[in-house]
Amino acid sequence: EMYWKTLDPECEIETLARDGEEGKPGKVLMEVTTKAWIMSAGERLALDYLQHLSGIATKTRRFVKLAEPYGVTIADARKGIPPIRVLQKYAVRVGGARSAWYSLSNAVLVKDNHIEMVGSITAAVERLRARAPHTLQIEVECETLDQVQEALDCGVQALILDNMELDTLRKAVEIIGDKAFKDASGGVTEDAVVAICETGIDQIAVGSLTSSVEVVDISTEIGPLKASTKRTIDLALKQSA
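Residues numbered from 1 in each chain as written. Predicted model: local features only at pLDDT ≥ 70, side-chain atom pairs only at ≥ 80, totals over all residues. Heavy atoms only, no water.

Peer 1: Just checking my understanding: could you explain the side chain of glutamine 88 for this structure?
Peer 2: Along the chain, glutamine 88 falls in helix 3 (residues 85-94). Assessed through its relative accessible area of 1%, glutamine 88 is described here as buried. Setting aside chain neighbours within four positions, we find glutamine 88 in contact with His52, Leu53, Ile56, Gly80, Ile81 and Thr210. (Helix = DSSP H or I, 4+ residues; strand = E, 2+ residues; numbered from the N terminus. Buried < 20%, exposed > 50% of the residue type's maximum accessible area, 1.4 Å probe, protein only. Contact = heavy atoms within 4.5 Å.)

Put into structure tokens, the structure is as follows:
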């Protein structure tokens, strides 16, 4: 609504669908009454945003439904397009998942590159803990069981279990128990969700929710035109002929 009101403050808008509502083919989402040139100028951008964000929410909903019986949370990752990241994250929440990362200000994240730069998880955590505010939790990305144990020995609050095979993931979950939050990530597909949930994980981070999305097919249909609008269009066509 804000988009159309920005283009035409006097336009009339009727919203016929709520965010998060499941739609069927042919459902009308919104009716906008405005000047013909406003509609022509604005419809493509409006549709691009709506199709993309609806695609995110729709894909997210599928993941959430798969994980729901297991009590596992689905979350997005840090992937996203900076100018519209806030909107993408909103679409994830509309789809029923958790939007975990807006930026690195949310928590202290220790990734593989950080570990490589300083030599070990322990060294990275010690350096960060000495500088980070006490209010920020530390989350470490682990790729092996040895890294899982090292991260636990450091007393971190959360672990990202990245790209682990299912057998390794099960062992990691067993090692961690209730000592830290268990977050699985790394190329997670819909086909793999149930098996990952069965390992006892707390959360699954799915980067493709915002980085690889099939848009929803939404179109604009022009309704009845005022007689004055038809005359203006006819005149413009004659002048351009």
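There is more to say, and it comes next.
Peer 1: Sorry, what's going on with the packing of helix 2 (residues 36-67) against helix 8 (residues 190-197) here?
Peer 2: A pair of packed helices is characterised by two quantities: the angle between their axes and the separation of those axes. At their nearest, the axes of helix 2 and helix 8 sit 9 Å apart, and the two run at 30° to each other. Between helix 2 and helix 8, the interaxial angle falls into the category roughly parallel. Read as a crossing pair, helix 2 and helix 8 show a hand that is right-handed. Across from Arg62, Phe63, Leu66 and Ala67 in helix 2, the residues of helix 8 making contact are Glu190, Val193, Val194 and Cys197. Each residue belonging to the contact of helix 2 with helix 8 can be placed in one class, and the counts come to six nonpolar, no polar and two charged. (Axes fitted to C-alpha atoms, helices over the stretch in contact; angles between N-to-C directions. Parallel < 35°, antiparallel > 145°, perpendicular 65-115°, else oblique. Left-handed = near helix turned anticlockwise from the far one by under 90°. Nonpolar A, V, L, I, M, F, W, Y, C, P; charged D, E, K, R; others polar.)

Peer 1: What am I meant to see in the pattern of salt bridges here?
Peer 2: Pairs may arise between side chains of opposite charge once their charged atoms sit close together. The full count for this structure, using the stated rule, is eleven salt bridges. Across the pair glutamate 21 and lysine 27 runs a salt bridge, and its minimum N-O distance is 3.4 Å. Among the charged side chains, a network of salt bridges with common partners joins Arg18, Glu21 and Lys27. (Salt bridge = Lys/Arg side-chain N within 4 Å of Asp/Glu carboxyl O.)

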